[in-house]
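Residue-level structural notes
The chain contents come next:
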Amino acid sequence: MIVFRDPEEVPAGFGPSVVAIGKFDGVHTGHRAVIDRARVEASDGAKVVAVTFDRNPLRVLRPDKCPPDVIGPHQKLELLDRAGVDATLLLTFDEALAALPADVFVRRVLVDALSARTVLVGRDFRFGAGGAGDPDLLVRMGEEHGFRVDVVDDVRAVHADRRVSSTWIREALAAGDIATAARLLGRSPSVWGEVVHGFKRGRELGYPTANLSPDLEGFVPADGVYAGWLIDIEGTRRTSYPAAISIGTNPTFDDVHARQVEVYVLDETDLDLYGHHVEVRFVERVRGMTAFDGVDALLVQMADDVERVRRILR
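Residues numbered from 1 in each chain as written. Predicted model: local features only at pLDDT ≥ 70, side-chain atom pairs only at ≥ 80, totals over all residues. Heavy atoms only, no water.

Thoughts on the pairing of strand β3 (residues 47-53)
Counting buried positions over the seven residues of β3 gives six, a clear majority of the element. Here strand β2 (residues 17-21) runs beside β3; their pairing, made up of five bridges, is parallel. Within β3, the residue paired with valine 18 across the bridge is valine 48. Between β2 and its parallel partner β3, the chain crosses via helix α1 (residues 29-41), and the hand of that crossover is right-handed. Pairing of β3 with strand β4 (residues 87-91) involves five bridges; the strand directions are parallel. In the strand pairing of β4, threonine 52 is matched with leucine 90. (Buried < 20%, exposed > 50% of the residue type's maximum accessible area, 1.4 Å probe, protein only. Helix = DSSP H or I, 4+ residues; strand = E, 2+ residues; numbered from the N terminus. Pairing = 2+ DSSP bridges. Right-handed = clockwise from strand over helix to strand, strands pointing away.)

Structure, rendered in structure tokens:
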């Protein structure tokens, strides 16, 4: 997948293209339904292009109302690539872009840069300064500039009769409900981050962990212990390891003041991942976070956690 970060980077003669526009926070099943429709529309040889943003626009427009991201920008690009997008225009959403009039956005991005033939948006799509642009305006501008607009209906979950959304995914992850989040995402939820040095307490207890930097991408689920996978994403070859994942502040020792993501790779005691960027995928929550009465009780529980994780992943 080609990545552009500014309309000026798109080469002359690019297109024709079928463009899907949105935040794509999560690249969940609803988003992929839009992308799949774009791929069908482009089956005669047009390019499938996603136009999205490097952050939630609310972070600039209404920071007090901005929810945490389901995924970060690197995750978003990888997932759009997996979804079959040919190119992504990842726009920096800053005050200048927020102030861009709707007609200028259409002309500069959709017409001049991407030579859009068809544009796909959701019914709640807004664009241009002050959110003045909506799907109806986009349809009228499409008639003027020679592109068709396809307004895509929401994808609804049959089991709950609710719109698939990033909000619902965040709710599920905040409750530790990995099964629901995975169903809505169409894949296991995950976080990406760099492995950094910690207290090395896990090594002292016989369970050495890879600690993720607090500056990670993705929505961290509720505190607790999870079964999952650690994927080393350094370089071109990726290696997956079965893992027991701990999230929280380590209440037994009461000396960790920020939530941590710690990953014990099963049966590995000398795996050196310091400085590596990894993906941690969550499969199932094993239990919530608990303070134990001493190290011995903690060790008994950790041994039980590892065996439960092993059975889940088997």
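Now that the structure has been shown, we can carry on.
Let's talk about the pattern of salt bridges
Taken as a whole and assessed by the stated rule, the structure comprises 20 salt bridges. Arginine 39 serves as the salt-bridge partner of aspartate 36, at 3.9 Å between the closest nitrogen and oxygen. With aspartate 36 and arginine 39 both in helix α1 and three residues apart, this pair spans about one turn of that helix. We classify arginine 39 as partly exposed; its relative accessible area is 42%. One salt bridge in this structure joins arginine 310 and aspartate 267, with 2.8 Å as the shortest N-O distance. Here the residue arginine 310 occupies a position in helix α10 (residues 295-313), and aspartate 267 occupies one in the loop between β13 (260-265) and β14 (277-287), the gap between them amounting to 43 residues. (Salt bridge = Lys/Arg side-chain N within 4 Å of Asp/Glu carboxyl O.)

Structural notes on the environment of alanine 175
Along the chain, alanine 175 falls in the loop between α7 (166-174) and α8 (178-185). The spatial distance from the C-alpha of alanine 175 to the C-alpha of aspartate 223 is 8.9 Å, given a sequence separation of 48 residues.

Considerations on the environment of glutamine 75
Mapped onto the elements, glutamine 75 comes out in helix α3 (residues 73-82). Here the alpha-carbon distance between glutamine 75 and tryptophan 192, two residues 117 residues apart in the chain, equals 7.5 Å. Apart from the residues lying within four places of it in its own chain, the contact partners of glutamine 75 are Ser190, Val191, Trp192, Glu217 and Gly218. (Contact = heavy atoms within 4.5 Å.)

This is a description of form; function is not addressed.
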